[in-house]
Amino acid sequence: MIKDDFFKTLASPWLWGIVLLGAMLPMVLSSYYTHILTIALVYVALASAWNIVGGMSGQISLAHSLFIGTGAMLSAALLVKLGINMWAGLVIAAATAGLLGAIIAWIDFRFQLGHLSFVLITLAFAEMASIVVEGWDFLGGASGLLLPQDTGNFLDFQFGGGRGAFWVMLGLATIIVLVNVAILNSPLGYYLRTIRDNEKAAQAIGVNVLRQKTTAMVISAVLTSIVGTAYVRYLTFADPYLLASPVITIEIVLFATVGGLGRAYGPALGALLLVPLGEVLRGKLGGAVPGLHYFIYGIVVIVVILATPSGLLPLFERLFWRRSRMLPKI
Amino acid sequence: MLEVEGLVAGYAGTPILRDISLRLDRGETVGLLGANNAGKTTLINSLSGIVTPMAGRIIFDGRDVTRATPMQRVEMGIIQVPEGRLVFPEMSVRENLLLGGFCDRARPLRPRQMEKVLALFPRLKERLSQPAGTLSGGEQQMLAIGRGLMAEARVLMLDEPSLGLSPLFVQYIFGIVDQLHKDGLTMLLVEQNLNLTLRHAQRCYVLERGHIAVEGAAEVVKNDPRTRQAYLGL
Amino acid sequence: MSELWQALAQGVFIGSTYGLLALGMGLVYGVSGVVNFAHGDFISLAMFMCLALFSAFSLDPYVSVLITIPVMTAIGALVYRFLLRPMVGYKFLMVVQLTLGLSLVLQNGILMIFGGQPARTPSIVESKLIILGDVVLRLAHVIACAVAFAMAIGLYVMLRSTDFGRSIRAVHQNAHAAALMGIDVGRVQVMTFALGIGILAVAAALLLPGTPIQPTQGLQYTVITLLVVVLGGMTNFVGIMLGGLVIGISEAMGTVYVSDTLGRLVPYAIFVLIMLFRPQGLTWRAS
């Protein structure tokens, strides 16, 4: 099923070297920079999960705030309002997100939505979701939900904040990037790319478009929801304006585009470059010049799209990885 | 009047036309023949400036127009009546004709030219305010030619005017071609229909897979065995 | 009963301005296939320009418009020429992403200059009311409605009976044939985009009196505009104005008759249903 390239990547000393080196960073970095890297890893994970739909099958889904919101707000509400253990909350939220993803994929297929219609409908869903979250007290309403203090109790989905959260995010991000590699090396990835390039032709050669698209959407939604739960645990505060607003999806889409759509490491690269830049700018100048980091994201995106529309990853490969074969070319 | 020398043109770096040279003299009706995929439409689009040539020259009235934009060529009077008519379906016949005379040179002359066109095609006069999309194929062809004439064409290039028309309409359209020829208009007839074109043009070129296989007076082309070969792709 | 009339009137007045916002987007989509996700941020930009002109010279928005129209039009032309035109031939989605990037730049550029606090631009008409029986109308809304319809009619006449208008429609219906008519398709696209952005300067001034503005509002305006354009069938002129009214009225009705949250959901629900079951929009077309 899955081509050898995936297992080669899994066995690659480079990959584990980088991950291990990354895992040691909190030992040497201040808590401030550890925080920034944790946020960057959240976006690496989110952008890579989004990539399964947006990059590989070429459907620009703006509905992903729905999945992040489900993972974050629903699990938080279950914990705060009903006292349900967050591990269970994570599973319930992920299942809900998967179901929502399947519904969206079904609607897309059933009504044969074009690219534009898909963007618009998913945007409408995202807007509706944010209105529901803000208007429904169970999910925290407009004021959000405050989670209990993180005391590091693993059984309560607590990782002690700081380093613990960093390692959780590193693990999640690594897994999701590897899921990307696995999908790209599997029949699913091949089908998705066929669908992206020409859906009618894919159908004509016998690709079950509904099944492939639904699979991709469900995988992406479940992973996104899990990251959402971990993210809200790290933040301790479930802020609907951050976690259930379409703006977060737009950020994700832009990171993925800057890095390289549809490539396994592209979205990760985009998020790793832009998030620390943005967060540092926000930390240093946020008080004096609010919005500067978004402003710069915007400029970077425009410049990248105009200058190298396939993203920065191909550029990086040419610069750094020309000779080595440490990572498969996907 | 219009001269093409050593033209190479195609799409996305792949040449379809190789070393084409042809000439249209003032007042002449010249036929450009060829089977499907021979490169006729690429050639006419190079003349209109839609396709940019990779090599060669196009000279109009002694001026090199090889790099001129489509708009500049329309301004000079090089007018194409495209294959499949391509009328503006949601606009009225009148509006289609007005758009035909859009270029700066033709704009002030539109009322006069409109009268001429409507005299040539009385059918269009009856349908002036009807959306062009509701016309029959033959009527649309009349409109497309009328629209081309509105631009004060100095060279009128008709791409497959007989395509998809009933025999009666084909006859009618070619009657119009004869009449325009009598009025002294220079025309390039791009056609697949061999016998028809040979009857209405003075000289012909036969395209075969991107190059000119046969050229000469209509009679000569008609009797040249290579003409049939080019068509059958032998 | 009076509540119904009140909501209806308010819906019509706001809706007509929405229609005007959407006409610009519909024109641009029809001519160049670009769906501009920064549309709402251009509205923001025009509104904040009015605010700046008020702060600096105490100009009423209705006067500022004389300055913002040419400035917005010029910005529109430059944006199309240097950012969107190079994208011709790219995948549609890349253009969407580019305009999303543009949206971030505009929104946060405004935020950096004006700060994030909600602001108001005073106008002489702000507090004037017109009372018709039970129905109380704000003068600003009446003016907005009248100007929006006048502009819509003006645009319609322009599209129907001027050479520029016909060239816009020609490019929309068949860009290749339009080029053969000697129409400079690229120039028409630039000018249409500039026109679409220029219209926003007017719409911004109409919406301003009594409306608090903040830099982050852009996306909401973009979404409303998209709703209206889709309801109208993307490029159908009458349909778009009608779509504006439908959204305006459903929004007003929703907030009056159903709870606030549900009321805000109504337009989106309508939008999704229309997208799914009538993708050609509300109006019927002779095909």
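Residues numbered from 1 in each chain as written. Chains lettered and ligands numbered in written order. Predicted model: local features only at pLDDT ≥ 70, side-chain atom pairs only at ≥ 80, totals over all residues. Heavy atoms only, no water.

Attention now goes to the interface of chain A and chain C. Between chain A and chain C, the contact holds 45 residues from the first and 38 residues from the second. Counting the surface lost from both chain A and chain C, the interface buries some 3,600 Å², and carbon and sulfur atoms represent 85% of this. Considering only the side of chain A, the residues that lose the most area to chain C are A:L116, A:L120 and A:I131, jointly responsible for 16% of the buried surface there. The interface formed by chain A and chain C includes one residue pair in polar contact (both at pLDDT 80 or more). Where the side of chain A that touches chain C is concerned, the elements lending two or more residues are α6 (115–135), α8 (187–197), α12 (246–259) and α14 (292–307) of chain A. Of all the elements, α6(A) adds the most residues to the side of chain A that touches chain C, at 15 residues. (Contact = heavy atoms within 4.5 Å. Buried area = accessible area lost by both parts, 1.4 Å probe. Polar contact = N/O pair within 3.5 Å; in protein donor to acceptor, adjacent residues only side chain to side chain. Helix = DSSP H or I, 4+ residues; strand = E, 2+ residues; numbered from the N terminus.)

Residues and elements named next belong to chain C. For helix α9 (residues 218–231), which comprises 14 residues, the first-to-last C-alpha distance of 20 Å matches the rise-based estimate of 20 Å (1.5 Å per residue) to within 8%. A large share of α9 lies buried, amounting to 13 of its 14 residues. Just beyond α9, the residue with positive phi is G233, at close to 85°. (Expected span 1.5 Å × (residues − 1). Buried < 20%, exposed > 50% of the residue type's maximum accessible area, 1.4 Å probe, protein only.)

All names here are of chain B. Here we have six strands laid out as an open sheet, ordered β6-β7-β8-β3-β9-β10, and mixed in their pairing. For this open sheet the edge positions go to β6 (78–81) and β10 (211–217), each flanked by a neighbour on one side alone. Each strand axis lies, on average, 15° off the axis of its neighbour in the sheet, ignoring direction. In this sheet, strand β9 (residues 203–208) lies alongside strand β3 (residues 29–34) in parallel orientation, the contact comprising five bridges. Within β9, the residue paired with G31 across the bridge is C204. Running over the sheet, helix α6 (residues 137–150) touches β6 and β7 (155–159) and is turned about 170° from β6. (Pairing = 2+ DSSP bridges. Axes fitted to C-alpha atoms, helices over the stretch in contact; angles between N-to-C directions.)

Another point: unusual backbone geometry. Residues and elements named next belong to chain A. Of note in the backbone geometry, Q112 takes a positive phi value of approximately 50° without being a glycine. Looking at where Q112 falls in the secondary structure, it is placed in the loop between α5 (86–110) and α6. You can call Q112 partly exposed: its relative accessible area is 46%.

Looking now at the side chain of A:S57. Residue and element names in this part refer to chain A. Counting through the fold element by element, S57 comes out in the loop between α3 (31–54) and α4 (64–82). A residue is classified by how much of its surface remains accessible, and S57, at 2% relative accessible area, is buried. Within the structure, the side chain of S57 is placed 3.0 Å from the backbone oxygen of V53, a separation counted as a polar contact.

With that settled, consider the arrangement of the chains. When the two pairs of chains in contact are ranked by number of contacts, first place goes to chains A and C. Of all C-alpha pairs spanning chain A and chain B, none lies closer than 19 Å, and the two are not in contact.

All names here are of chain A. Where nonpolar side chains cluster on the molecular surface, the patch consists of L21, M24, L25, M27, V28, L29, Y32, Y33 and W167 and spans about 860 Å² of accessible area. Only α2 (13–28) and α3 provide two or more residues apiece to the nonpolar patch. When residues in the nonpolar patch are grouped by element, the largest group, five residues, is from α2. Within the secondary structure, L29 is located in the loop between α2 and α3. Judged by relative accessible area, which is 30%, L29 ranks as partly exposed. (Patch = residues over 30% accessible without salt bridge, like charges linked within 9 Å, V, L, I, M, F, W, Y side chains within 5 Å. Areas by Shrake-Rupley, 256 points an atom, 1.4 Å probe, with all protein chains shown as cover. Salt bridge = Lys/Arg side-chain N within 4 Å of Asp/Glu carboxyl O.)

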